[in-house]
Amino acid sequence: MHIPDIIIAIDGYSSTGKSTFAKLIASEFGFLYLDSGALYRGVTLYAMEHGIIKDDNSIDLGKLKPALTDLDIRFRSSDKGSLTYIGDRCVEKEIRTLAVSDKVSPIAAVPEVREYVDRKLREFGKKKRIVMDGRDIGTTVFPEAELKIFMTASPEVRAERRLKELLAKGENVSYEDVLHNLAERDRIDSSRETSPLAKADDALILDNSDMTLDDQIKWVKAVLSDRFGNHAEKPMKFGKS
Ligand code: DC
């Protein structure tokens, strides 16, 4: 199936499998995958290492705002996929720790941080043929995206998935820690003033609590075929065909 030059925006709650899903779509259709959360995580790591965010999550805005002018966060591709760098330092591992996850939502609520990240994301969007995942891609970054998907799953399923990932990386965390971190991030991400996590009116909801990755790919292929395929197959409703 040939897909025209479009932007696919994937938003949703933490640990709903957005990035795995987005990466698969990108490789299936030859699109570029972009992880907007990695940029927020990069800013957060920088803020932690420079004493800009404290243990109580208070933020030294006087230091953070000017630092953004020179902060060089970029993606570089490798045989392991896209990796996040601050300058020449690869920070891909550090930005995925629970320590960074615990601080990222307050940092992502700072309007100047959002402007910094949005500017970078929109640069990538100019060429189209991208799949971007995040919290506000369909509502704020690319409201004109041709396909918007909003992902959700039950908190317990999400916490189990996240716990598995962190344990596999050697982090010593409990199910309760992870569940608490997810609930806290959902709360802050959904209630912040600037670009809160929200479903765009024209986004399709994908609740993958009981879906395998294969089910999800079948679902998106049916949606794409319905909207953009030359020989549109009948749109498939998950579980009914
Ligand atoms: O997708 P993620 O879990 O790696 O994102 C980390 C955090 O970054 C998330 O808790 C909220 C924030 N974020 C955001 O506010 N807007 C985005 N578009 C992407 C992420």
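To be clear, the structure that these remarks concern was listed above.
Residues numbered from 1 in each chain as written. Predicted model: local features only at pLDDT ≥ 70, side-chain atom pairs only at ≥ 80, totals over all residues. Heavy atoms only, no water.

(A) Inspection of the site of the ligand at higher detail. Around the ligand, the structure places 15 residues, and the nearest of them are Arg41, Arg114, Asp136, Arg185 and Arg192. Residue Arg114 places a side-chain N or O atom 2.9 Å away from an oxygen atom belonging to the ligand. Relative to its free-state accessible area of 450 Å², the ligand is covered by the protein chains to the extent of 95%. Those elements that place two or more of their residues in the shell around the ligand are α2 (36–49), α4 (98–108) and α8 (175–191). In terms of residues, the shell around the ligand owes the most to one element, α2, which gives four residues. Class assignment of the residues belonging to the shell around the ligand gives a composition of four nonpolar, four polar and seven charged. (Near = heavy atom within 4 Å. Polar contact = N/O pair within 3.5 Å; in protein donor to acceptor, adjacent residues only side chain to side chain. Areas by Shrake-Rupley, 256 points an atom, 1.4 Å probe, with all protein chains shown as cover. Helix = DSSP H or I, 4+ residues; strand = E, 2+ residues; numbered from the N terminus. Nonpolar A, V, L, I, M, F, W, Y, C, P; charged D, E, K, R; others polar.)

(B) A look at the side chain of Asp136. Along the chain, Asp136 turns up in the loop between β6 (130–134) and α6 (137–141). Using a relative accessible area of 2% as the deciding quantity, one classes Asp136 as buried. Those residues in contact with Asp136 that sit more than four places away from it in its chain are Asp11, Arg114, Asp118, Val141 and Ser195. (Buried < 20%, exposed > 50% of the residue type's maximum accessible area, 1.4 Å probe, protein only. Contact = heavy atoms within 4.5 Å.)

(C) Just the nonpolar core, in detail. The biggest cluster of nonpolar side chains holds 35 residues, and the ones touching the most others in it are Val43, Leu64, Leu71, Val113 and Phe142. Looking at this core, the elements that each hand over two or more residues are β1 (7–12), α2, α3 (61–70), α4, α5 (111–125), β6 and α6. Sorting elements by how many residues they give to this core places α2 first, with seven residues. When residues no more than four places from it in sequence are discounted, the contact partners of Val113 are Tyr40, Val43, Leu64, Leu68 and Ile107. Residues Ile10, Tyr33, Val131 and Ile217 belong to the second largest nonpolar core, which totals 23 residues. (Core = buried A, V, L, I, M, F, W, Y, C linked by side-chain atoms within 4.5 Å.)

(D) Representation of the pairing of strand β4 (residues 81–86) in the model. With six bridges connecting them, strand β3 (residues 73–78) and β4 associate as antiparallel partners. Looking at the pairing, Phe75 lines up with Thr84 of β4. In sequence, β3 turns back onto β4 through a hairpin of two residues. Bridging between β4 and strand β5 (residues 89–90) involves two bridges; their strand directions are antiparallel. Across the sheet, residue Tyr85 finds its bridge partner in β5, namely Cys90. The hairpin turn running from β4 into β5, its antiparallel successor, is two residues long, and Gly87 in that turn takes a positive phi close to 60°. (Pairing = 2+ DSSP bridges.)

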